[in-house]
Amino acid sequence: MRHIISILIENEAGALSRVAGLFSARGYNIESLTVAPTNDPSLSRMTLVTSGTDEIIEQITKQLNKLIDVVKLQDMTEGVHMEREMMLVKVRVANHQEREDVKRFSDIFRGRVIDVSEETYTIEVTGSTSKLDAFIKNLSKIQVLELVRSGVIGIARGEKILSL
């Protein structure tokens, strides 16, 4: 099962490396990883997506909690949460029909064309991982030149927060 783990971590050199090292040493895969400072400059928030059984996820969280840099963590998947990912995709648009198709798909998926050249469009799409996957699938007849995804970020709904 897929799990989104949010971690408050000390904002210092080597913290990310220690978390990644924990996963690689135990043979666990990180599917997505995002890190950025919080409103407290001494802390960063890391959002990590991984897959595994409940036992494996429990083992991962126990091991993460043992790391000195980890201040607090939360498995977002255990509660009601929102998640988003951003994608930039550059496509070749060789003719008027392809331009219209790309613009229509972008509108349907609430994406934005953010760059236009004679032969390419660059589109920004934000949403769930499944929404981004569906957008790519709908572009199957259009040549994708380049694709970049941010990785998942998530936050709990309602009053539940991850803080000190």
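Located above this text is the structure these notes cover.
Asker: Teacher, can you tell me more about the overall build of the protein chain here?
Answerer: Helix and strand content of the protein chain: four helices and nine strands. Listed N to C, the secondary structure of the protein chain is β-α-β-β-α-β-β-α-β-β-α-β-β in terms of helices and strands. Taken along the three principal axes of its C-alpha coordinates, the protein chain extends 55 × 35 × 30 Å. Expressed as a percentage of the 164 residues in the protein chain, the buried residues total 37%. A total accessible area of about 9600 Å² is found for the protein chain, and carbon and sulfur atoms account for 52% of it. Computing the positive centroid from 21 side-chain charges and the negative centroid from 23, the protein chain places the two 3 Å apart.

Asker: Is there a simple way to think about unusual backbone geometry in this case?
Answerer: If a residue is not glycine, its phi is most likely negative; likewise, a peptide bond is most likely trans. Even without being a glycine, arginine 110 presents a positive backbone phi close to 55 degrees. Topologically, arginine 110 is positioned in the loop between α3 (96–108) and β6 (112–116). The exposure class assigned to arginine 110 is exposed, which follows from its relative accessible area of 74%.

Asker: Explain the pattern of salt bridges here, please?
Answerer: Proximity of charged atoms lets side chains of opposite charge pair with each other. According to the stated counting rule, one finds 10 salt bridges in the structure shown. For glutamate 12, the salt bridge goes to arginine 18, with nearest N and O atoms at 3.9 Å. You can call glutamate 12 partly exposed: its relative accessible area is 41%. Given the relative accessible area of 34%, arginine 18 is considered partly exposed. With a shortest N-O distance of 2.8 Å, arginine 149 and aspartate 133 are connected by a salt bridge.

Asker: Help me understand α3 in this model?
Answerer: In an α-helix, one full turn covers 3.6 residues, which means residues spaced three or four apart are oriented alike. With 13 residues, α3 extends 18 Å between its outermost C-alpha atoms, agreeing within 8% with the 18 Å of an ideal straight helix rising 1.5 Å per residue. Of all the positions in α3, only Glu98, Asp101, Val102, Phe105 and Ser106 are classed as buried. Taken end-on, α3 shows its buried residues confined to a sector of 130 degrees, consistent with a single buried face. Structural note: α3 exposes His96 and Ile108 on the side pointing more than 90 degrees away from its buried face.

Asker: Just to check I follow, could you spell out a nonpolar patch on the surface for this structure?
Answerer: The grouping of Met86, Leu88, Ile114 and Val148 at the surface amounts to a nonpolar patch, some 300 Å² of accessible area in total. With respect to the helices, strands and loops of the structure, methionine 86 is situated in strand β5 (residues 81–92). Using a relative accessible area of 35% as the deciding quantity, one classes methionine 86 as partly exposed.

Asker: Would you take a moment to explain the nonpolar core for this structure?
Answerer: Within soluble globular proteins, side chains that are nonpolar generally end up buried alongside one another. Judged by nonpolar contacts, the single largest core of 15 residues is most densely connected at Ile7, Val19, Phe23 and Leu64. Only β1 (2–10), α1 (15–26), β3 (43–51), α2 (54–66) and β4 (70–75) provide two or more residues apiece to this core. Here this core takes four residues from α1, the largest share from any one element. Every residue in contact with valine 19, bar those within four places of it in the chain, is listed here: Ile9, Met46, Leu48, Leu64 and Leu67. Listed in part, the 14 residues of the second largest apolar core include Val89, Val91, Ile123 and Leu132.

Procedures and definitions
- Residues numbered from 1 in each chain as written.
- Predicted model: local features only at pLDDT ≥ 70, side-chain atom pairs only at ≥ 80, totals over all residues.
- Heavy atoms only, no water.
- Helix = DSSP H or I, 4+ residues; strand = E, 2+ residues; numbered from the N terminus.
- Buried < 20%, exposed > 50% of the residue type's maximum accessible area, 1.4 Å probe, protein only.
- Areas by Shrake-Rupley, 256 points an atom, 1.4 Å probe, with all protein chains shown as cover.
- Lys, Arg positive; Asp, Glu negative; His and termini not counted.
- Charge placed at Lys NZ, Arg CZ, Asp CG, Glu CD.
- Salt bridge = Lys/Arg side-chain N within 4 Å of Asp/Glu carboxyl O.
- Expected span 1.5 Å × (residues − 1).
- Arc of directions from axis to C-beta.
- Patch = residues over 30% accessible without salt bridge, like charges linked within 9 Å, V, L, I, M, F, W, Y side chains within 5 Å.
- Core = buried A, V, L, I, M, F, W, Y, C linked by side-chain atoms within 4.5 Å.
- Contact = heavy atoms within 4.5 Å.

Taken by themselves, the reported measurements are silent on function.
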